Structure formats: C-alpha cells, structure tokens
Amino acid sequence: MAEGICGRISLFTDFGVPAFFSRTRLGYTGEWMNPDLPFLLAAQIAAFFIMIFMGFVSVRTGIIGTEETKGLTRMLMYVITPCVILMSYQTEYSSSVAGGLVLAFLAAVLVHVILIAGVKLAGRFLKLSNVERASIIYTNSGNLTVPLVMSVLGTKAVMYASTFLAVQTILVWTHCFALIKGTSGFSWKKMMSNVNTIAIILGIICFFAEIRITGPLETAFTGMGKTIGPLAMFSIGIMLGSSRVTDIFRIRNFMVSAMRLLLFPVIPVLLFALWPEGLLSDDSRLVFTTVLLATAAPSAVIVSQMALITNQDYRSASGVNIITDFLCIFTIPFIIWIYIIISD
C-alpha cells in the first residue's frame, strides 16, 4: 500500500498539496479514522523533505544567498498566506453547519487557551525560550491540516478547519509575534491593518454574504495560494542551509517536539471526549476530530519565519519544525486513536 501511494507522488496542485491527496485515492469510507492515514502522511512529508532539501542545496551551492531569505519569507507572510486565507472561505453557505462553526470556534479558542497557559507554566520549570514556546503553541494548521482534513473527513470538515485556522491566524499576528519579539503587548491598529487579518474579515464576509470571487481575481488568488506549500518548505531549506546539523538534532529540540506533538494535544482529547454528543451541533464529533488534527499537527512554519525577520533564534524553530514534520506520521494517528477509543 505504502509503495503504491509513494509511487504516485506528483506535482503540487491545490495550495501546495500533492495530487495523490484525493478522496478517491484515500479510499474514504465515512469512518472517523482511516488506516491508510500514516502512509498518506509519510508520502506528503517525503515530498516536503525533498523541497526542503532543494532549498538546503541551493544555499550550500551558492545558488541562493542567505541574505535573500527574508524577502522570500515576507512574500510568504504578507502576499501568499492572505490569498490562501481568503480563498479558504469560498465555500457554499449552509445553515446546517452554523452550529458546527460555532462549536469549532469555541473548541479552537479553548485549545489555544490551554496551550498558551500550559506552555507559560511549563516554561517556568523548563526555562523555555520565547521561540520554543511559540513552536509548541502554534501548529502547521494551514498547508498540512487543511489537505489532510479534506482527504479524510470531507469538504464540510474543511470549514471547521478554516475556523481553527482563523483563530490561530489572529493569535499568530498578535500573541505569537509579540512573544517572539519579546514585547509585552501589541497594537490593535497594527493587528487590524495586517493584511492577514484583513483577509480573514473579508473571507468571513464573503462566506456569510455568499459572495463569490470569480474571474481573474479567482485565478490570481488561487494561483498564488498554490505556491504556499513548496515555497514554505523551500524557505525552511534555505534557513537550514545556513545552520549546522547540530542545531537541528539537539536533545532540547526533541523535548520541545514531544511537548508539541504528544503532551499538549492529549489534554483537549480528554475534554472533547466528555462533551455531550449533539450539544450545539450534530457534527460535534466531526468538529472535534478536525480540531484535534489541527492541534496535533507539526510546529508552524511561520514561527521560524517570524523568528528570522525579528532576528531571533530561527535555527531552533526550524529544527523543531523538521523534527515534528517527521514524527507526526506516528503521533497524529495516535492522538486521533485515543480520542476515538475514549469517546466511543
């Protein structure tokens, strides 16, 4: 099975997702957990690592200089990411998912409250740096979770994943950015004028008002969004090209990775399993499964990107991202399996 999937890895299509990510090839049966998930994750991660290696080689051979990394990073953060956010809301509105969206929002807020408070407490005992704290709190809920949700749970669940992404995006450009910079607060004016926040607001308006982006605008935004996966991985490779291997495979990075992938995702599992089925939404189990997939995802690429442009320890963030990208092939199915066992 694994050989068949890996043999079909092709060029990226939608938002940087390999073409083998389709419900047909997945063999979706309506189950909450598909046994083929580890193989699909392995294939996607393998494709990501090839792109990372390309960026790494480009720096080591002198094709790209390390000084060019910030320009690529800013393009990802301020041009491509907003396109992805805006187009993620181009989904047909249905009143049947309204309760699910509310529940997904509450669940996403609860997860981030747990993560922020828990990491703050753990940081006092483990002397976690600000970059390490951000690496634990924020996940790759965009270019990994969304395609995974689409493949395993279907299009309705993508709406719930987008709700999680919206909550995280707001926190990324407020709490995360302030945390990495080492400042105690943030400016509401800067947050509201941030192009990513604007994209979220416009996306929500378009969704509820049933406004569709079509024609050249759709082509342009979708086309830019398709590059997020390859460019995000390529930028990590560039940053790693200027790093030492010992900066990646440090024992401390593995400790941070274990907290990101296992320790903190288990807490929401226990809380979601206690939620009465059908309360607020008939899709409560689907909502929680989607949120857990986002919660158990690898460390967010944007943490290393923010660390780079603010002159912080981006090597540590990149190391944690690489480690969690690989280990999540084992930990994500494990977290979902725990939730299924406890909630049944």
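The rules behind the values
- Residue indices begin from 1 for each chain and proceed along its sequence in written order.
- For a predicted model such as this one, the threshold for reporting local features is a pLDDT of at least 70, and the threshold for listing and counting side-chain atom pairs is 80 or more; totals across whole chains, interfaces and linings nevertheless cover every residue.
- Side-chain metrics rest on all non-hydrogen atoms present in the structure, leaving aside hydrogens and water.
- Only DSSP runs of H or I with at least four residues qualify as helices, and only runs of E with at least two residues qualify as strands; both kinds are numbered from the N terminus onward.
- A 1.4 Å probe rolled over the protein chains alone gives each residue an accessible area, and that area as a share of the maximum for its type sets the label: buried under 20%, exposed over 50%, partly exposed in between.
- In summary, the pairing rule links any two rings of Phe, Tyr or Trp, Trp by its six-membered ring, whose centres are within 6.5 Å, and it sorts them by plane angle into stacked for under 30 degrees, edge-to-face for over 60 and tilted for everything else.
- Orientation is described by lines fitted to C-alpha atoms, with helices fitted over the stretch in contact, and by angles between N-to-C directions that extend from 0 to 180 degrees.
- Orientation labels follow simple angle bins: below 35 degrees gives roughly parallel, above 145 gives roughly antiparallel, 65 to 115 gives roughly perpendicular, and whatever is left gives oblique.
- A crossing counts as left-handed when the near helix is turned anticlockwise from the far one by less than a right angle, and as right-handed when that turn is clockwise.
- Contacts are assigned to residue pairs with any non-hydrogen atoms lying within 4.5 Å of each other.
- In this classification, Asp, Glu, Lys and Arg are treated as charged, Ala, Val, Leu, Ile, Met, Phe, Trp, Tyr, Cys and Pro as nonpolar, and every other residue, Gly included, as polar.
- Only residues above 30% relative accessible area that lack a salt bridge enter a patch, with like-charged residues linked at up to 9 Å and the nonpolar side chains Val, Leu, Ile, Met, Phe, Trp and Tyr linked at up to 5 Å.
- Exposure was quantified through the Shrake-Rupley algorithm and a 1.4 Å probe, taking into account, for residues, occlusion by the shown protein chains and nothing else.
- Basic side-chain nitrogens of Lys or Arg form a salt bridge, by our definition, when they fall within 4 Å of a carboxyl oxygen of Asp or Glu.
- Here the bend at a residue means the angle between the axes of two seven-residue stretches, the one that ends at it and the one that starts at it.
- Here a polar contact is recorded for every N or O atom pair within 3.5 Å, except that within protein the pair must consist of a potential hydrogen donor and a potential acceptor, and residues adjacent in sequence are included only if both atoms are side-chain atoms.

Engineer: Can you help me understand the environment of Ala46 in this one?
Structural biologist: Of note, Ala46 is situated in helix α3 (residues 37–60). With a relative accessible area of 34%, Ala46 lands in the partly exposed category. Residues Ala46 and Phe326 lie 280 residues apart in sequence; the distance between their C-alpha atoms is 8.7 Å.

Engineer: What exactly am I supposed to notice about the packing of aromatic side chains here?
Structural biologist: Two aromatic rings are characterised by how far apart their centres lie and by the angle between their planes. Scanning the model with the defined rule gives six aromatic pairs in all. Judged by centre distance (6.2 Å) and plane angle (40°), the rings of Trp173 and Phe177 are tilted. In this pair, Trp173 and Phe177 both sit in helix α8 (residues 155–181), four residues apart, roughly one turn of the helix. With relative accessibility at 8%, the residue Trp173 sits in the buried group.

Engineer: Would you take a moment to explain the packing of helix α5 (residues 98–126) against helix α14 (residues 251–273) for this structure?
Structural biologist: Packed helices, taken two at a time, are described by the angle their axes make and the gap between the axes. Interhelical geometry of α5 versus α14 gives an angle of 135° and a closest axis separation of 10 Å. Relative to α14, the element α5 is oriented oblique. Regarding α5 and α14, the two cross each other, and that crossing is right-handed. For the pair α5 and α14, the contacting residues are Ala107, Leu110, Val111, Ile114, Leu115, Gly118, Val119, Ala122 and Leu126 in the first and Arg252, Met255, Met259, Arg260, Phe264, Ile267, Pro268, Leu271 and Phe272 in the second. Partitioned by chemical class, the residues of the contact of α5 with α14 number 15 nonpolar, one polar and two charged.

Engineer: What's the story with a nonpolar patch on the surface in this structure? I'm lost.
Structural biologist: Residues Met192, Ile198, Ile201, Leu202, Ile205 and Ile211 make up a contiguous nonpolar surface patch of about 490 Å² in total accessible area. Broken down by element, the residue count for the nonpolar patch peaks at four residues, all from helix α10 (residues 195–208). Structurally, Ile211 is set in the loop between α10 and α11 (215–225). For Ile211, a relative accessible area of 40% puts it in the partly exposed group.

Engineer: What's the story with unusual backbone geometry in this structure? I'm lost.
Structural biologist: What is expected of a backbone is that most residues other than glycine have negative phi and most peptide bonds are trans. Phi is positive for Lys127, close to 55°, though the residue is something other than glycine. With respect to the element layout, Lys127 can be found in the loop between α5 and α6 (130–137). Taking relative accessible area as the criterion, Lys127 reaches 67% and is therefore assigned exposed. With a phi angle near 55°, Glu210 is a residue other than glycine that sits in the positive phi range. Structurally, Glu210 can be placed in the loop between α10 and α11. Residue classification places Glu210 among the partly exposed residues on the basis of a relative accessible area of 48%.

Engineer: How should the environment of Ile204 be read in this particular structure?
Structural biologist: With respect to the helices and strands, Ile204 occurs in helix α10. Take Ile204: its relative accessible area is 34%, and that puts it in the partly exposed class. Residues Ile204 and Thr163, 41 residues apart in the sequence, show an inter-C-alpha distance of 9.7 Å.

Engineer: Help me understand helix α17 (residues 314–343), please; the structure alone is not making it clear to me.
Structural biologist: Side chains of residues three or four places apart in an α-helix project in the same direction, reflecting 3.6 residues per turn. Considering bend angle alone, the principal kink of α17 is centred on Cys328 and spans about 55°. Of all 30 residues that make up α17, 21 are buried, and the element is covered over most of its length.

Engineer: How should I be thinking about the side chain of Ser141 in this particular structure?
Structural biologist: Residue position: Ser141 is located in the loop between α6 and α7 (145–153). Within the structure, the side chain of Ser141 is placed 2.8 Å from the side chain of Gln168, a separation counted as a polar contact. Among residues more than four places away in sequence, those in contact with Ser141 are Val146, Phe164, Leu165, Gln168 and Ala294.

Engineer: What is the right way to look at the packing of α5 against helix α15 (residues 284–295) in this model?
Structural biologist: Following both chains from N to C, one finds α5 and α15 inclined at 35°, their axes separated by 10 Å at the closest point. Between α5 and α15 lies a crossing of right-handed hand. Of the residues in α15, those touching α5 at Gly100, Leu103, Ala104, Ala107 and Val111 are Ser284, Val287, Phe288, Val291 and Thr295. Within the contact of α5 with α15, the residues separate by chemical class into seven nonpolar, three polar and no charged.

So far we have only geometry, and geometry alone does not tell us how the molecule works.
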